[in-house]
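In case you want the letters, here they are:
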Amino acid sequence: MQAALEITARYCRNEMEEYGRCVAASPASWQRDCHRLRLSMSRCAAAHPIVQQIRQDCAEPFAAFEQCLKENQASVMNCSDHVNAFLLCADQVKLST
């Protein structure tokens, strides 16, 4: 999660700031009012090459984490090993140059 936030902040700063301003300006209705901006920020981050590389290189640990969440909806803390494995994988991903 930290890596995703860092990528979003670094490469999608304008989208993130616009979304943040919208949320701050609409405390009672930000989910509805800022939905388009949230999607714009998400698309920007998802389009970044490092995110695409993480999706490719870490598909297996991510799938295991998702499966764990489905099986442990009442106690997601049971999935901490799975999320740690995914984050470790994601931290090791480097862009091919």
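Attention in this report is confined to the structure presented alongside it.

## Description of the overall build of the protein
Part 1 of the argument: Within the protein, the regular secondary structure consists of 7 helices and 0 strands.
Part 2 of the argument: In the protein, the order of α-helices and β-strands from amino to carboxyl end is α-α-α-α-α-α-α.
Part 3 of the argument: Since a compact globule built from 97 residues should have a radius of gyration of about 13 Å, the 16 Å found for the protein marks it as more spread out than a globular shape.
Part 4 of the argument: Overall, the protein is about 45 × 40 × 15 Å in size when its C-alpha atoms are taken along their principal axes.
Part 5 of the argument: Within the protein, the proportion of its 97 residues that are buried is 27%.
Part 6 of the argument: Of the roughly 7000 Å² of accessible surface on the protein, a fraction of 54% belongs to carbon and sulfur atoms.
Part 7 of the argument: Charge separation in the protein, taken as the distance between the mean sites of 10 positive and 11 negative side-chain charges, equals 9 Å.

## Side note on the pattern of salt bridges
Part 1 of the argument: All told, the structure shown has 1 salt bridge when counted by the stated rule.
Part 2 of the argument: Between Arg32 and Asp33 there is a salt bridge, with the nearest N and O atoms lying 3.3 Å from each other.
Part 3 of the argument: On the basis of relative accessibility, which here comes to 64%, the residue Arg32 falls in the exposed class.
Part 4 of the argument: Taking the relative accessible area as the measure of exposure, Asp33 reaches 37% and is therefore partly exposed.

## Observations regarding helix 5 (residues 49–57)
Part 1 of the argument: All buried positions along helix 5 are accounted for by Ile50, Val51, Gln53 and Ile54. Viewed end-on, helix 5 has its buried residues packed into an arc of 160°, placing them on one side of the element. Turned more than 90 degrees away from the buried face of helix 5 sit Arg55 and Gln56, all of them exposed.

## Remarks on the packing of helix 6 (residues 59–71) against helix 7 (residues 80–92)
Part 1 of the argument: Viewed as axis vectors pointing N to C, helix 6 and helix 7 meet at an angle of 160°, and their least axial separation amounts to 8 Å. If you check the angle between helix 6 and helix 7, you find them roughly antiparallel. Relative to helix 7, helix 6 is oriented so that their crossing is left-handed. Only His82, Val83, Ala85, Phe86 and Cys89 of helix 7 make contact with helix 6, whose side of the interface consists of Pro61, Phe62, Ala64, Phe65 and Cys68.
Part 2 of the argument: Taken together, the residues that form the contact of helix 6 with helix 7 break down as 9 nonpolar, 1 polar and no charged.

## Examining helix 7
Part 1 of the argument: Its 13 residues place the ends of helix 7 18 Å apart at the C-alpha level, agreeing with the 18 Å of an ideal helix rising 1.5 Å per residue.
Part 2 of the argument: All buried positions along helix 7 are accounted for by Phe86, Cys89 and Ala90. Looking straight down helix 7, one finds its buried side chains confined to an arc of 100°; they lie on one side. Those residues of helix 7 that are exposed and aimed more than 90 degrees away from the buried face are Asp81, Leu88, Asp91 and Gln92.
Part 3 of the argument: Where the residues of helix 7 are buried, they touch helix 5 and helix 6.

So, how was this worked out
Residues numbered from 1 in each chain as written. Predicted model: local features only at pLDDT ≥ 70, side-chain atom pairs only at ≥ 80, totals over all residues. Heavy atoms only, no water. Helix = DSSP H or I, 4+ residues; strand = E, 2+ residues; numbered from the N terminus. Rg over C-alpha atoms; globule rule 2.2 N^0.38 Å. Buried < 20%, exposed > 50% of the residue type's maximum accessible area, 1.4 Å probe, protein only. Areas by Shrake-Rupley, 256 points an atom, 1.4 Å probe, with all protein chains shown as cover. Lys, Arg positive; Asp, Glu negative; His and termini not counted. Charge placed at Lys NZ, Arg CZ, Asp CG, Glu CD. Salt bridge = Lys/Arg side-chain N within 4 Å of Asp/Glu carboxyl O. Arc of directions from axis to C-beta. Axes fitted to C-alpha atoms, helices over the stretch in contact; angles between N-to-C directions. Parallel < 35°, antiparallel > 145°, perpendicular 65-115°, else oblique. Left-handed = near helix turned anticlockwise from the far one by under 90°. Contact = heavy atoms within 4.5 Å. Nonpolar A, V, L, I, M, F, W, Y, C, P; charged D, E, K, R; others polar. Expected span 1.5 Å × (residues − 1).

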